[in-house]
Amino acid sequence: MQHILPQSSPGTARNPAELIDMVRRGLPRRAVDEVADRLALSRREMARILGLSERTLQRQQPDARLSAGASERLLQLVLLYERGEDVFEDIEKFKRWMRRPLRVLYDKAPLDWLDTAIGFRMVEDELIRIEDFVIA
């Protein structure tokens, strides 16, 4: 997902002001396809996560800019998967985990919660718990 996010130096966080500016400008529509392909998400799943209809997503030209809201959700998704890859040390393991129903998430898969900010937070919190358990 290097094309979407600016690179950061190893061990340093990305510049939040830069990320906010990207969201405000709107990410290009083609970034949705790139992320969907890389994360093995369907167009329907992407539309739901971004808060768009499938038809709207399909009609947009690749160079069109997403709204700030859709851009922010896409950025959140990318950051979540990067974090998940770090925690699981394997993106494929993390992708499988995202689709597996979990008791702690009310017997729903983490992916099912990503259509709201609260849902993103729930999944991020669970990643933190996993990371803390592994580190401890």
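Residues numbered from 1 in each chain as written. Predicted model: local features only at pLDDT ≥ 70, side-chain atom pairs only at ≥ 80, totals over all residues. Heavy atoms only, no water.

## Details of the environment of Pro62
Looking at where Pro62 falls in the secondary structure, it is placed in the loop between α4 (54-59) and α5 (68-88). For Pro62, a relative accessible area of 44% gives the class partly exposed. When the C-alpha atoms of Pro62 and Asp33 are compared, they prove to be 8.9 Å apart, with 29 residues separating the residues in sequence. Not counting the four nearest positions on each side in its chain, Pro62 is found in contact with Pro28, Arg29 and Arg30. (Helix = DSSP H or I, 4+ residues; strand = E, 2+ residues; numbered from the N terminus. Buried < 20%, exposed > 50% of the residue type's maximum accessible area, 1.4 Å probe, protein only. Contact = heavy atoms within 4.5 Å.)

## Section: the packing of helix α2 (residues 30-39) against helix α3 (residues 43-50)
The N-to-C vectors of α2 and α3 enclose an angle of 120 degrees; their axes lie 10 Å apart at closest approach. Looking at the two axes, α2 sits oblique to α3. For the crossing formed where α2 meets α3, the hand is right-handed. Across the interface between the two elements, Val32, Asp33, Val35, Ala36 and Asp37 of α2 pack against Arg43, Met46 and Leu50 of α3. Among the residues making up the contact of α2 with α3, the classes are represented as five nonpolar, no polar and three charged. (Axes fitted to C-alpha atoms, helices over the stretch in contact; angles between N-to-C directions. Parallel < 35°, antiparallel > 145°, perpendicular 65-115°, else oblique. Left-handed = near helix turned anticlockwise from the far one by under 90°. Nonpolar A, V, L, I, M, F, W, Y, C, P; charged D, E, K, R; others polar.)

## What about the pattern of salt bridges?
Scanning the model with the defined rule gives 13 salt bridges in all. A salt bridge links Asp37 to Arg43; its shortest N-O distance comes to 3.3 Å. Given the relative accessible area of 54%, Asp37 is considered exposed. The shortest N-O distance in the salt bridge between Arg121 and Asp125 comes to 2.8 Å. One end of the pair is Arg121 and the other is Asp125, both in helix α7 (residues 117-135) and four residues apart, which spans about a single turn. Take Arg121: its relative accessible area is 43%, and that puts it in the partly exposed class. A relative accessible area of 25% means that Asp125 is categorised as partly exposed. (Salt bridge = Lys/Arg side-chain N within 4 Å of Asp/Glu carboxyl O.)

## Some words on α5
In a regular helix each residue adds 1.5 Å, so 21 residues correspond to 30 Å; α5 covers 30 Å between its end C-alpha atoms and thus fits that length. Along α5, the positions that sit buried rather than exposed are Ala70, Ser71, Leu74, Leu75, Leu77, Val78, Leu80, Tyr81, Gly84, Val87 and Phe88. Glu89, located one to two residues past α5, shows a positive phi value of around 60 degrees. (Expected span 1.5 Å × (residues − 1).)

## Focus: the confidence of the model for the protein
With 88% of its residues at a pLDDT of 70 or more, the protein has an overall mean of 91. The least confident element of the protein, judged by mean pLDDT, is α7 at 92; the most confident is α3 at 98. (pLDDT = per-residue confidence, 0-100.)

## A word on the packing of aromatic side chains
The relation between two aromatic rings is expressed through the spacing of the ring centres and the mutual angle of the planes. All chains considered together, the criterion is met by five aromatic pairs. Seen in terms of ring centroids, Tyr81 and Phe94 are 5.0 Å apart; in terms of plane orientation they differ by 80 degrees. Their pairing is edge-to-face. With Tyr81 in helix α5 and Phe94 in helix α6 (residues 91-99), this pair connects stretches of sequence that are 13 residues apart. Between Phe94 and Trp97 the ring centres are 5.7 Å apart and the planes differ by 25 degrees, which places this aromatic pair in the stacked class. Separated by three residues within a single helix, Phe94 and Trp97 lie in helix α6, roughly one turn from each other. (Phe/Tyr/Trp six-rings, centres within 6.5 Å; stacked < 30°, edge-to-face > 60°.)

## Here we look at the nonpolar core
Met46, Leu74, Leu77, Tyr81, Phe94, Met98 and Leu114 are the most contacted members of the largest nonpolar core, which totals 37 residues. If you list the elements that add at least two residues to this core, you get α1 (16-25), α2, α3, α5, α6 and α7. Leave out the neighbours within four places in its chain, and Tyr81 touches Leu39, Leu41, Ile91, Phe94, Lys95, Met98 and Leu111. (Core = buried A, V, L, I, M, F, W, Y, C linked by side-chain atoms within 4.5 Å.)

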